[in-house]
Amino acid sequence: MSKEKILIVDDEHLIRWSLSQPLIKNGYTVDTAESGAEAQTKISTFRPQMVLLDIRLPDANGLELLERFKSDDEDLIVIMITAYADVGSTVEAFKFGAEDYIGKPFNLESVKHVIEQAFKKRQLKVQVEQFSHSIEQQIDEDRLLGNSPEMIDVFKIIKRCAETNDKTVLIQGESGTGKELVAKAVHLYSRRSKAPFFEINCAAIPDNLLENELFGHEKGAYTDAGKSRKGIFELADSGTVFLDEIGDMPLPMQGKILKAIENKRYRRLGGDCDIDVNVRIIAATNRGLKEMVEDGNFRADLYYRLNVMAINIPPLRDRKADIPLLAKYFFELFNKEYNRHLEDISPATIEVMSSYSWPGNVRELRNSIERATILEESRFLGPNNLNIITDPKTDSGTLNTTMLSENKKMPGNNQHPPATTNSSNELQITLPADGISFGEIEKTIILQALNKHADNQTKAARYLRLSRDTLRYRMKKFNLL
Ligand SMILES: Nc1ncnc2c1ncn2[C@@H]1O[C@H](COP(=O)(O)OP(=O)(O)OP(=O)(O)O)[C@@H](O)[C@H]1O
Ligand SMILES: [Mg+2]
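Values in this document were obtained by computation on a predicted structure and should not be read as measured data.

### Section: the packing of helix α13 (residues 323-337) against helix α14 (residues 347-355)
In step 1: At a minimum axis distance of 10 Å, the contact between α13 and α14 shows a crossing angle of 125°. The angle between α13 and α14 places the two elements in the oblique class. For the pair α13 and α14, the crossing hand works out as right-handed. For the pair formed by α13 and α14, the contact residues are I323, P324 and A327 on the first element and I350, M353 and S354 on the second.
In step 2: Tallied by class, the residues present in the contact of α13 with α14 amount to five nonpolar, one polar and no charged.

Pasting the structure below:
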């Protein structure tokens, strides 16, 4: 563990000296400042975890400094140095977030005790936060299922990746094949499982904010940076960072990530100090990264660096042996969740499911079973409500679906595809001649459903025949939350 850094701020040389000597002997890294101005500079260059701050300084009021330090970085531990006459100010200091105080003249033993206790308390707080984060993860955890030979191979690779502990992992597979579940499984089976798992969707975060999210910033790094903030790399310390949809990461950011992985260190935005990286990186994408490298849209050096361990999840159509198991699992899950008392899935339904190509993979299977379980009126789950299109050959310009929609125009959204319903209530979307991303269509439909239901997510989800969680997941994906 890195040595804790303490900054001593006092205008009296003797005090700075008599405090710093024993602290250095006790293994702390110590620096000093004799004025408020110098303290302010050293906070950003030396980056202490703790400041021992004199309440009276020649050029500044200690309380005002305290307030400023805490508003810039609320994690900074500040211990006030006071004279006994300053009882009133000491009480004020607690209000502004001081952790404790030491009174002049000092008793060195009690100074050491106060410092140790403050660090211990802080460590405990971090542990509690990290622990509750990892517990949440485990409770939330969906089960990763599969009994096809292809998935058994995937399980073996997950285990091997988990055992390596720090090696970067690249997960590739079509949308809905379970990349996120696989990433969480690698984390949970690794020695990092007690530490946090942080996920960032590179496609959902605007390019200019991505670096900030990953590396954090110092106060004043840009116009709105009123406070310093930790990035995901720091928050996930000792754990795992999952870079989802890495194929959408802009090229300049790819260079910065590569540098951080190679040097095992990085800087906050606007920072002067290196921070050590102790996280495992798992990246995922549903885009062909290799082709992107060939086309110059993804850095070859980052691709090879990420691809140290590769997990390729086959599409569901290539591992149909998984369908009965997954179908049964989702059926039981939703039968219980919606308090339906259906007896089972009919064998004919399993057959229909097994002959379908599932372009949306396991996610589509899950959604389809959820909808069918809600709508089924007999005792057995039949194929009618699965809403799968068994003949995928529709015409080239129009997306046909049995979903109903109203064409309500969204303000400021006029670049989204226009949608109308025809007399048979089929949703018709006129696709632009030069192509459109599928995500854009999905986002438009979500926005319209929310608009139709006055932003009520539960109603919008019901309308789209999705669970609220699935809707929220998608909203998060499109940065709508
Ligand atoms: N093997 C599996 N066992 C159980 N559930 C699964 C499995 N694979 C996927 N799922 C479920 O399918 C849904 C989609 O999975 P996930 O989000 O991990 O896919 P993804 O590959 O990350 O998709 P995208 O590329 O669109 O982000 C989730 O609800 C997940 O719980
Ligand atoms: Mg995903």
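Next comes the rest of the account.
### A word on unusual backbone geometry
In step 1: Residues K104 and P105 are joined by a peptide bond in cis, for which omega reads -5°.
In step 2: Along the chain, P105 turns up in the loop between β5 (100-104) and α5 (108-140).
In step 3: One non-glycine residue, S238, adopts positive backbone phi at about 75°.
In step 4: With respect to the helices, strands and loops of the structure, S238 is situated in the loop between α9 (232-235) and β10 (240-244).
In step 5: Of the residues examined, S238 has 13 C-beta atoms within 10 Å and is grouped as partly exposed.
In step 6: In the Ramachandran plot, W358 falls in the positive-phi region, its phi being about 45° despite a non-glycine side chain.
In step 7: Checked against the element boundaries, W358 lands in the loop between α14 and α15 (361-375).
In step 8: Classification of W358 by C-beta neighbours within 10 Å gives buried; the count is 21.

### Observations regarding the environment of M475
In step 1: Mapped onto the elements of the fold, M475 is located in helix α18 (residues 468-477).
In step 2: A count of 19 C-beta atoms within 10 Å places M475 in the partly exposed class.
In step 3: Taking C-alpha positions, M475 is 7.7 Å from I446, a pair spaced 29 residues apart along the chain.

### Some thoughts on the site of ligand 1
In step 1: The full set close to ligand 1 counts 18 residues, and S175, G178, K179, E180 and V362 are the nearest of them.
In step 2: Sorting the residues of the shell around ligand 1 by element identifies α7 (179-189) and α15 as the ones contributing at least two each.
In step 3: When residues of the shell around ligand 1 are assigned to domains, at least three map to each of domain 2 (143-314) and domain 3 (320-386).

### So, the sheet that holds strand β6 (residues 169-172)
In step 1: Sheet architecture is open: five strands sit in the order β7-β10-β13-β6-β14, paired in parallel fashion. Edge positions in the sheet fall to β7 (197-201) and β14 (309-312), since each has one partner strand and no second. With direction set aside, neighbouring strand axes in the sheet form an average angle of 20°.
In step 2: Pairing between β10 and strand β13 (residues 280-285): four bridges, direction parallel. Residue pairing in the sheet places T240 in a bridge with R280 of β13.

### Some words on the sheet that holds strand β3 (residues 50-54)
In step 1: Spatial ordering of the open sheet is given by β2-β1-β3-β4-β5, a layout of five strands whose pairing is parallel. The open sheet has two edge strands with one neighbour each: β2 (29-33) and β5. Taking the axes of each pair of neighbouring strands and ignoring which way they run, one obtains an average angle of 20° across the sheet.
In step 2: Here β3 runs beside strand β4 (residues 77-83); their pairing, made up of five bridges, is parallel. The partner of V51 across the bridge, within β4, is V78.
In step 3: Set on the sheet, helix α1 (residues 13-25) makes contact with β1 (5-9), β2 and β3; between it and β2 the angle comes to about 170°.
In step 4: With respect to the sheet, helix α2 (residues 36-46) is in contact with β1 and β2, its orientation differing from that of β1 by roughly 170°.

### Concerning the pairing of β10
In step 1: Of all five residues making up β10, five are buried, and the element is well covered by its neighbours.
In step 2: Because side chains alternate across β10, one face comprises the buried residues T240, F242 and D244, and the other comprises V241 and L243, equally buried.
In step 3: In this structure, β7 lies alongside β10, joined through five bridges in parallel fashion. Its bridge partner lying in β10, F197 is registered against T240.

Parameters and conventions
- Residues numbered from 1 in each chain as written.
- Chains lettered and ligands numbered in written order.
- Predicted model: local features only at pLDDT ≥ 70, side-chain atom pairs only at ≥ 80, totals over all residues.
- Axes fitted to C-alpha atoms, helices over the stretch in contact; angles between N-to-C directions.
- Helix = DSSP H or I, 4+ residues; strand = E, 2+ residues; numbered from the N terminus.
- Parallel < 35°, antiparallel > 145°, perpendicular 65-115°, else oblique.
- Left-handed = near helix turned anticlockwise from the far one by under 90°.
- Contact = placed C-beta atoms within 7 Å.
- Nonpolar A, V, L, I, M, F, W, Y, C, P; charged D, E, K, R; others polar.
- Buried ≥ 20, exposed ≤ 12 C-beta atoms within 10 Å, placed from the backbone.
- Near = placed C-beta within 6 Å.
- Domains from an automatic or database assignment.
- Pairing = 2+ DSSP bridges.

Shape is all these values report; function is a separate question.
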